[in-house]
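Listed here are the chains, written in short residue letters.
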Amino acid sequence: MDVRRSETLSKISLRVVHGFAVASFFFRPLISRLSSDSSHATLFRYPSVGLSLEDIVAKLSLNLREQPPDAIVAHSLGCVATWLAVHEAKWNGPIVMLAPPFSTIPSTRLLPRFLRWPFAPLLDHRALTAASGFQLPKLTACPMMTVAGRFDFSVPLSCTRHGNLEESLVTFDTHNSMLFSSSVATACLDWVVRNHTASDLRMDNESMGRG
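Residues numbered from 1 in each chain as written. Predicted model: local features only at pLDDT ≥ 70, side-chain atom pairs only at ≥ 80, totals over all residues. Heavy atoms only, no water.

Attention now moves to the sheet that holds strand E4 (residues 95-98). One open sheet accounts for six strands, arranged E2-E1-E3-E4-E5-E6; its pairing is parallel. At either end of the open sheet lies a strand with only one pairing partner, and these are strand E2 (39-44) and strand E6 (167-171). Between one strand and the next, the sheet's axes are offset by a mean angle of 20 degrees, whatever the strand orientation. In the sheet, strand E1 (residues 12-17) pairs with strand E3 (residues 71-75) via four bridges, with the strands oriented parallel. Within E3, the residue paired with Val17 across the bridge is Ala74. On top of the sheet, helix H3 (residues 53-66) reaches E1, E2 and E3; it is set at about 150 degrees to E2, its chief contact. Against the sheet, helix H4 (residues 77-89) touches E1, E3, E4 and strand E5 (144-149), its axis set at about 140 degrees to E3. (Pairing = 2+ DSSP bridges. Helix = DSSP H or I, 4+ residues; strand = E, 2+ residues; numbered from the N terminus. Axes fitted to C-alpha atoms, helices over the stretch in contact; angles between N-to-C directions. Contact = heavy atoms within 4.5 Å.)

Attention shifts here to helix H5 (residues 116-130). Taking 1.5 Å as the rise per residue, H5 with 15 residues should run 21 Å; its terminal C-alpha atoms sit only 17 Å apart, a clear shortfall. Pro118, Ala120, Pro121, Leu122, Leu123, Asp124, His125, Arg126 and Thr129 are the residues of H5 that are buried. In this structure, the buried side of H5 is in contact with H3 and H4. (Expected span 1.5 Å × (residues − 1). Buried < 20%, exposed > 50% of the residue type's maximum accessible area, 1.4 Å probe, protein only.)

Take a look at the structure:
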């Protein structure tokens, strides 16, 4: 058996989900820092320009069913897609939301409908979160943490709050600079490891109880 493959399989696997129109290049520092002696991070790639939010959710949901990770780190609009896809795929595990737009992003109000392509995901997000009585589905088996940038003008702090969140961190980063921050990556990884370990212990206790 390939020793390198065996070592990768024994590590905590993290799936990184990007947001709207962000090149994979920007995620290399984050993925590098999320990959350690005990973890391995990969980027979920998808065409975020032009696809509808519904299509993105469907692709991510399929990916989570076919290649389920131990934890997810999502950024920006990828947080909303992740939340909906996790619910659809019935995936369980720790989720870190970087700059999550849980309410309408102010800048999307300026986009007219006739510019749907390539801004379809943003317009779909605006319609979703602005709908009367809209609530994201409950993810009871997923511990979650948000990381919000104090100087993030793309997603203000007011857009990052949600009732189901257990823990939050506010940094002095902007929307994309948090992807290059070693302290943000360390905080994400430490939190994921703690919650993944706690999840394993709960599963072991439940198995012993049934036995």
